[in-house]
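# Observations on chain architecture
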Amino acid sequence: MSEFISTFITGFQDIVQKDLSEKLEGCKILDISDGLVHYKYDRNSRDLEKIVYFNNTFFVLQTFRKNEDFAAMVKAVCSQKNYYLISKGTFRIRFQKENQFEKADKNLVKRAEETVIANSKLKPDRVSPSTEIWYSKRRDGFGFCGQLISKREFTEKNLHKGELRPETAYLICCFASLQGNETVLEPFSGYGGIAVQLVKKFKFDTLFISDIEKEKIDYLSEKKQFAGNEKTHLSVQDAFVLENIKDNSIDCIITDPPWGFYEEIENINDFYERMFASFRRVLKQNGYMVILTARKNEFEQVCSKNNIKITQSLHTLVNGKKAGLFRVCF
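In this report, we go over the structure that sits alongside the text. (Residues numbered from 1 in each chain as written. Predicted model: local features only at pLDDT ≥ 70, side-chain atom pairs only at ≥ 80, totals over all residues. Heavy atoms only, no water.)

## Considerations on the overall build of the protein chain
The number of helices and strands found in the protein chain is 8 helices and 16 strands. Each principal axis of the C-alpha atoms in the protein chain carries an extent, and together these give about 70 × 40 × 35 Å. The contacts of the protein chain with a sequence gap of at least 6 include a subset with a gap of at least 24, amounting to 72%. Here the protein chain has roughly 17,000 Å² of accessible surface; of this, 43% comes from carbon and sulfur atoms. Here the protein chain holds 50 positive side-chain charges and 45 negative ones, and the gap between their average locations is 7 Å. (Helix = DSSP H or I, 4+ residues; strand = E, 2+ residues; numbered from the N terminus. Contact = heavy atoms within 4.5 Å. Areas by Shrake-Rupley, 256 points an atom, 1.4 Å probe, with all protein chains shown as cover. Lys, Arg positive; Asp, Glu negative; His and termini not counted. Charge placed at Lys NZ, Arg CZ, Asp CG, Glu CD.)

## A closer look at the pairing of strand S16 (residues 321–329)
With 5 bridges connecting them, strand S14 (residues 283–293) and S16 associate as antiparallel partners. Across the sheet, Leu292 pairs through a bridge with Leu325, a residue of S16. Strand direction decides the pairing type here: strand S15 (residues 309–318) and S16, joined by 9 bridges, are antiparallel. What sits directly across from His315, in S16, is Gly324. Counting the residues that bridge the hairpin from S15 to S16 gives 2 residues, and of these Asn319 lies at a positive phi of roughly 50°. (Pairing = 2+ DSSP bridges.)

## Here's the deal with unusual backbone geometry
Despite not being glycine, Glu98 has its phi angle at roughly 50°, a positive value. Assignment of secondary structure puts Glu98 in the loop between strand S5 (88–97) and strand S6 (100–102). For Glu98, a relative accessible area of 34% corresponds to the partly exposed category. In this structure, Asn307 takes a positive phi of about 55° despite not being glycine. With respect to the helices, strands and loops of the structure, Asn307 is situated in the loop between helix H8 (296–305) and S15. (Buried < 20%, exposed > 50% of the residue type's maximum accessible area, 1.4 Å probe, protein only.)

## Topic: the side chain of Ser120
Locating Ser120 in the fold gives a position in the loop between helix H3 (106–119) and strand S7 (121–124). Relative accessible area serves as the criterion here: at 15%, Ser120 is assigned to the buried category. Polar side-chain contacts of Ser120 include one of 2.7 Å to the backbone oxygen of Val116. Within the structure, Ser120 has its side chain in polar contact with the backbone nitrogen of Leu122 (distance 3.1 Å). (Polar contact = N/O pair within 3.5 Å; in protein donor to acceptor, adjacent residues only side chain to side chain.)

## Describing the sheet that holds S16
Read across the open sheet, the 7 strands follow the order S12-S11-S10-S13-S14-S16-S15; overall the sheet is mixed. The open sheet terminates on both sides in strands that have one partner only, identified here as strand S12 (232–236) and S15. Averaged over all adjacent pairs, the angle separating strand axes in this sheet is 15°, with direction ignored. As judged from the 5 bridges shared by strand S13 (residues 250–255) and S14, these two strands associate in the parallel manner. Paired with Ile250 across the bridge in S14 is Leu283. (Axes fitted to C-alpha atoms, helices over the stretch in contact; angles between N-to-C directions.)

## Some points on the environment of Phe70
Along the polypeptide, Phe70 turns up in helix H2 (residues 70–78). Residue Phe70 is classed as buried on the basis of its relative accessible area, which comes to 11%. Here the alpha-carbon distance between Phe70 and Lys137, two residues 67 residues apart in the chain, equals 8.3 Å. Beyond its immediate chain neighbours, meaning those up to four positions away, Phe70 contacts Phe95, Gln96, Lys97, Glu102, Leu108, Tyr135 and Lys137.

## A short note on the packing of aromatic side chains
In this structure the tally under the stated criterion is 21 aromatic pairs. Centre to centre, the rings of Phe142 and Phe144 are 6.3 Å apart; their planes meet at 35°, and the pair counts as tilted. Relative accessible area serves as the criterion here: at 7%, Phe142 is assigned to the buried category. Taking relative accessible area as the criterion, Phe144 reaches 2% and is therefore assigned buried. Here the aromatic rings of Phe188 and Phe271 are separated by 5.8 Å at their centres, their planes lie at 35°, and the arrangement is tilted. Placement of the pair is Phe188 in the loop between strand S10 (183–186) and helix H5 (193–201) and Phe271 in helix H7 (residues 268–282), with a sequence separation of 83 residues. Phe271 matches Phe188 in its accessibility class, with the two residues each being buried. By the ring-pair criterion, three or more aromatic residues cluster together here, those being Phe4, Tyr39, Tyr53, Phe54, Phe59, Tyr83, Tyr170 and Phe202. Over the ring of Phe101 we find Arg94; its NZ or CZ atom is 3.7 Å from the centre of that ring. (Phe/Tyr/Trp six-rings, centres within 6.5 Å; stacked < 30°, edge-to-face > 60°. Lys NZ or Arg CZ within 6 Å of the ring centre and 35° of its normal.)

## Brief notes about the nonpolar core
Of all hydrophobic cores here, the largest spans 72 residues; its most connected members are Tyr39, Tyr53, Ile133, Tyr135, Leu198 and Ile254. Among the elements that take part in this core, helix H4 (residues 166–176) stands out by supplying 8 residues, more than any other. Core analysis: the second largest hydrophobic core is formed by 23 residues, Leu242, Leu283, Val302 and Cys303 among them. (Core = buried A, V, L, I, M, F, W, Y, C linked by side-chain atoms within 4.5 Å.)

## Details of the pattern of salt bridges
Pairing of side chains with opposite charge becomes possible as their charged atoms draw close. Here the structure, examined in full by the defined rule, presents 18 salt bridges. The closest approach of N and O atoms between Glu167 and Arg165, which form a salt bridge, is 2.6 Å. When its relative accessible area of 2% is taken as the criterion, Glu167 is described as buried. You can call Arg165 buried: its relative accessible area is 15%. Taken together, the shared-partner salt bridges connect Arg92, Arg94 and Glu132 into one network. (Salt bridge = Lys/Arg side-chain N within 4 Å of Asp/Glu carboxyl O.)

Written as structure tokens, this is what we have:
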């Protein structure tokens, strides 16, 4: 069985462990830590590209657990015969420590290059190679040498301002643990990061999608995921009113409300007070909310003040900002 390492968004390791075991048949997880999963998989490696939350994926050449320095790692890899998943084309060697690339001694780089050349038909290209061999060390002492076989090209440049990355939206939906028969509400849909993932990847009975800005709902209405979909209902609505949503009709609210960084919000605590008052009306008795926010302190204060229970939470990074994902109920 071939071994692979994939990286993902910080904070979601428990979610990834559960989801990967379900979504990737035949996958055997060897180890998982914050932002990294090490696993065995003996089927088509192209399947790994379908996992939306994987950033970089590596074919593993060797792993290290004794906080080895780069010289020792290169020596260990060079002392054995290596098989490369991508064996033709061009390559370069990269050294990474705690998510930062480092320059290495020229002789060390040359030695690492020589072992790749000796074990494959790859030729060195330090500018624009078709594949890369990484020597990577993490803060927890774990290290590996692996061949980069896929990387997520999607960047914030492809997003509207404040829009969630698809992998973040997907993991938020995983965190909700939908059973498939719920009536779900996304009342701050924006450009639809969460709504699109719900429709593409998850089961539900009915999904209500709304935003106060008409142009955003018009934008979503043109997406193929919603055209003719009888289970989804898009509307322009104020999340503090939700006039088209009946009392006690919603099982789950999954949303990423404004943080006050990209929009003018005079008082974020008051914003959350009004939001929860609206949500309380439409939620069923056993309903719950999954809410992402970078205003963690204020959010927790409002929950405590209003006796709103935080039953689960995790901490992550969204667009470089520290954020919290909360599961809460009344």
